[in-house]
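These are the residues of each chain, in order.
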Amino acid sequence: MSESNGREAAGAAPRDQHRGTGAPRRSVIGGSTADQRLLDSRQRSDWKTRDAWRALRILSEFVEGFDTLSDLQPAVSVFGSARSRPDSPECQLAEELGGALARAGYAVITGGGPGVMQAANRGASEAGGLSVGLGIELPFEQGLNDWVDVAIEFRYFFARKTMFVKYAQAFVVLPGGFGTMDELFEALTLVQTGKVTRFPVVLMGADYWRGLLDWLRDTMAAEGKIGAVDLDLICLTDDVNAAVRHIVEAEAVLSAEQESIREESVAVTAAEQQAAAEEGGRG
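If you're wondering where the values come from, they're calculated on a predicted model, not measured in any experiment.

Caption draft 1: Examining the confidence of the model for the protein chain more closely. Across the protein chain, pLDDT averages 83, with 77% of residues at or above 70. This stretch, residues 1-5, has a pLDDT under 50; its non-local contacts, to residues over four places away or in other chains, come to 16 contacts. When the criterion is pLDDT under 50, residues 21-30 qualifies, and its contacts beyond four places in sequence or with other chains add up to 20 contacts.

Here it is as structure tokens:
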């Protein structure tokens, strides 16, 4: 199914979409992007006059993302190549995954583009789930796919990345290129360093990822650049049911840990209050 055909060609009724107020990608100026203009060190003369205004624009993207997604149900961010063909194994896997996640009660968040992203959005939507697309301004147009129900278009990668992490209970990463690798290693770094609450990272497409995982184990871990335990942050599977089960079980474990911490905190507070009352009675 091509992106332009969308739901109508598939015989599915179009669903109401919420689209954020971020800049549409066709607004790219002279082939450059807002990120490029912000990070271009050759334009130092512009910094003093323009960067303060850019800060307000950046803030507006965070506000838009927080406001749009604040009531989102539990969700899973799915990453993969925009270049994958609809009949590729990874797109078929992504569509099946999107449906399984929706049936398990999760919204599906993608970058909103074609390829693997469209397949995951379509799977979620056709299964009756909520399909979210977080687009990004690029020097070449992609456009948000037709299977997105809630859409926000961002100028800045870092604002968009925050939304992928903040509103997800897990990451699932299918075969992709530099952007996919960026999301994968950012997620692993955030979990490894404790910058985010522990959550699962699932790789799907075992043949595609096996060489990378071998290198992580035999080179990076072997030379002590990461710990052996860090490899346990990754779950590799091509079984959609196993992937969803891993996510559900990880969430249950984390919820139990958080409840235990809460109960311990309540018990400590009660003990302190009791001790204070007894001390006051003796006084």
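Caption draft 2: Here's a closer look at the pairing of strand S3 (residues 107-110). Burial of S3 is two-sided: the residues Ala107 and Ile109 facing one way and the residues Val108 and Thr110 facing the other way are all buried. In this structure, strand S2 (residues 75-79) lies alongside S3, joined through three bridges in parallel fashion. Note that in S3 the partner of Ser77 across the bridge is Ile109. This β-α-β element, S2 to helix H4 (residues 89-103) to S3, shows right-handed connectivity. In terms of strand pairing, S3 meets strand S4 (residues 131-136) through three bridges, oriented parallel. The partner of Val108 across the bridge, within S4, is Ser131. A crossover connection joins S3 to the parallel S4 through helix H5 (residues 116-126); in handedness this β-α-β unit is right-handed.

Definitions and cut-offs
Residues numbered from 1 in each chain as written. Predicted model: local features only at pLDDT ≥ 70, side-chain atom pairs only at ≥ 80, totals over all residues. Heavy atoms only, no water. pLDDT = per-residue confidence, 0-100. Contact = heavy atoms within 4.5 Å. Buried < 20%, exposed > 50% of the residue type's maximum accessible area, 1.4 Å probe, protein only. Helix = DSSP H or I, 4+ residues; strand = E, 2+ residues; numbered from the N terminus. Pairing = 2+ DSSP bridges. Right-handed = clockwise from strand over helix to strand, strands pointing away.

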